[in-house]
Amino acid sequence: MHTKTMEGLIGARTNMNLMNTPMRVYKEARRKGDSETMERAMGYVNDCSDRAEEYKAEADEGMKEDAKEAREKEKAQREEAIQKRRDEREKLEKKIEENRNGDANTDTVEISEEGKVLLKDSTGLDDTVSTETKTDAVREPVTYTKTGETVSTEQESNISVSV
C-alpha cells in the first residue's frame, strides 16, 4: 500500500472521529438554546469535515498511484514471461535443428538383398526376380536383445503339469 493511501485513510478516519465531539457539543447547546456555542461547535465540525475531505482526496490520489504501479509491475512481468517463452522457443528450435542436422542421433536402416527381394515380391513391382531366391529362405521367429544381437527362440514340446 502506498504511503499516501495509508496517510489519507488514517487522517480521514481520525478527523471523522474528531468531528463527533463538536457535534455532541452542538446538540447539547441546541437543547439549551445557546446559539453562540452552537455556531462555535458547528465551526469545529466544518473544520474537521474539511480536513477529512482533504485526507480522502490524498487517499484517492495514493490509490491511483498504487493502481498505476500495479499495472506497470504486471506489464513488466508479462513482458518478462513473453521474453522467457521466446528464449525457450529459440532453444527448442536450435535443439530440433541440431537433431535434424546431427548424424550422431540419427538411426539408419539398411535393407538386405533378401529383404529387397521380398519387398519387390510382395508388392509385385518387379517381375525379374528369380525363383531360387524366393524359395531358399525359410525364416524362424527371431528375438533381439538391447545390444542388437539375435537370440534364437527354442520351443520345447515337453510340458508337465502337476495337479
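Before any of the text, the structure's been laid out above.
A few points on the structure.

Criteria and cut-off values
- Residues numbered from 1 in each chain as written.
- Predicted model: local features only at pLDDT ≥ 70, side-chain atom pairs only at ≥ 80, totals over all residues.
- Heavy atoms only, no water.
- Helix = DSSP H or I, 4+ residues; strand = E, 2+ residues; numbered from the N terminus.
- Buried < 20%, exposed > 50% of the residue type's maximum accessible area, 1.4 Å probe, protein only.
- Contact = heavy atoms within 4.5 Å.
- Areas by Shrake-Rupley, 256 points an atom, 1.4 Å probe, with all protein chains shown as cover.
- Expected span 1.5 Å × (residues − 1).
- Axes fitted to C-alpha atoms, helices over the stretch in contact; angles between N-to-C directions.
- Parallel < 35°, antiparallel > 145°, perpendicular 65-115°, else oblique.
- Left-handed = near helix turned anticlockwise from the far one by under 90°.
- Nonpolar A, V, L, I, M, F, W, Y, C, P; charged D, E, K, R; others polar.
- Salt bridge = Lys/Arg side-chain N within 4 Å of Asp/Glu carboxyl O.
- Patch = residues over 30% accessible without salt bridge, like charges linked within 9 Å, V, L, I, M, F, W, Y side chains within 5 Å.
- Lys, Arg positive; Asp, Glu negative; His and termini not counted.
- Charge placed at Lys NZ, Arg CZ, Asp CG, Glu CD.
- Polar contact = N/O pair within 3.5 Å; in protein donor to acceptor, adjacent residues only side chain to side chain.

**As for the overall build of the protein**
Logical step 1: For the protein, the helix and strand inventory stands at five helices and two strands.
Logical step 2: Starting at the N terminus and walking to the C terminus, you meet the elements of the protein as α-α-α-α-α-β-β.
Logical step 3: Expressed as a percentage of the 163 residues in the protein, the buried residues total 12%.
Logical step 4: If you take every contact in the protein between residues at least 6 apart in sequence, the share linking residues at least 24 apart comes to 56%.
Logical step 5: A total accessible area of about 14,900 Å² is found for the protein, and carbon and sulfur atoms account for 49% of it.

**As for helix H3 (residues 35–101)**
Logical step 1: Under the 1.5 Å per step criterion, the end-to-end length of H3 is 98 Å for 67 residues, consistent within 8% with the ideal 99 Å.
Logical step 2: Of the residues making up H3, those classed as buried are Thr37, Met38, Ala41, Val45, Cys48, Ala52, Ala59 and Gly62.
Logical step 3: Close packing links the buried residues of H3 with helix H1 (3–18) and helix H2 (20–32).

**Some details on the packing of H2 against H3**
Logical step 1: Contact geometry of H2 with H3 gives a least axis separation of 8 Å together with a crossing angle of 160°. As judged from the angle between their axes, H2 and H3 are roughly antiparallel. For the pair H2 and H3, the crossing hand works out as left-handed. On H3, the residues that touch Pro22, Met23, Val25, Tyr26, Ala29 and Arg30 of H2 are Thr37, Met38, Ala41, Met42, Tyr44 and Val45.
Logical step 2: Of the residues contributing to the contact of H2 with H3, the split by class is ten nonpolar, one polar and one charged.

**Quick word on the pattern of salt bridges**
Logical step 1: All chains considered together, the criterion is met by six salt bridges.
Logical step 2: Ionic pairing is found between Arg78 and Glu74, a salt bridge with its closest N-O pair at 3.8 Å. In this pair, Arg78 and Glu74 are both assigned in helix H3, four residues apart and thus about one turn of the helix distant.
Logical step 3: Given the relative accessible area of 48%, Arg78 is considered partly exposed.
Logical step 4: Assessed through its relative accessible area of 45%, Glu74 is described here as partly exposed.

**Regarding a negative patch on the surface**
Logical step 1: Together, Asp47, Asp50, Glu53 and Glu54 give the surface a local cluster of negative charge.
Logical step 2: Summarising the element assignment, Asp47 is placed in helix H3.
Logical step 3: Exposure remark for Asp47: the relative accessible area of 40% places this residue in the partly exposed category.

**Some details on the environment of Thr21**
Logical step 1: Its location among the elements puts Thr21 in helix H2.
Logical step 2: In sequence terms Thr21 and Ala41 are 20 residues apart; their C-alpha atoms lie 8.8 Å from each other.

**Description of the side chain of Thr37**
Logical step 1: Its location among the elements puts Thr37 in helix H3.
Logical step 2: Sequence-distant contacts of Thr37, that is, excluding residues within four places in its chain, are made with Val25 and Ala29.

**Overview of the side chain of Thr5**
Logical step 1: Among the structural elements, Thr5 can be located in helix H1.
Logical step 2: Those residues in contact with Thr5 that lie beyond four places of it in its chain are Ala59, Gly62, Met63 and Asp66.

**Section: the environment of Glu61**
Logical step 1: Among the structural elements, Glu61 can be located in helix H3.
Logical step 2: With relative accessibility at 39%, the residue Glu61 sits in the partly exposed group.
Logical step 3: Expressed as a C-alpha distance, the spacing of Glu61 and Thr5, which sit 56 residues apart in the sequence, is 7.3 Å.
Logical step 4: A distance of 2.7 Å separates a polar atom in the side chain of Glu61 from a polar atom in the side chain of Lys4.

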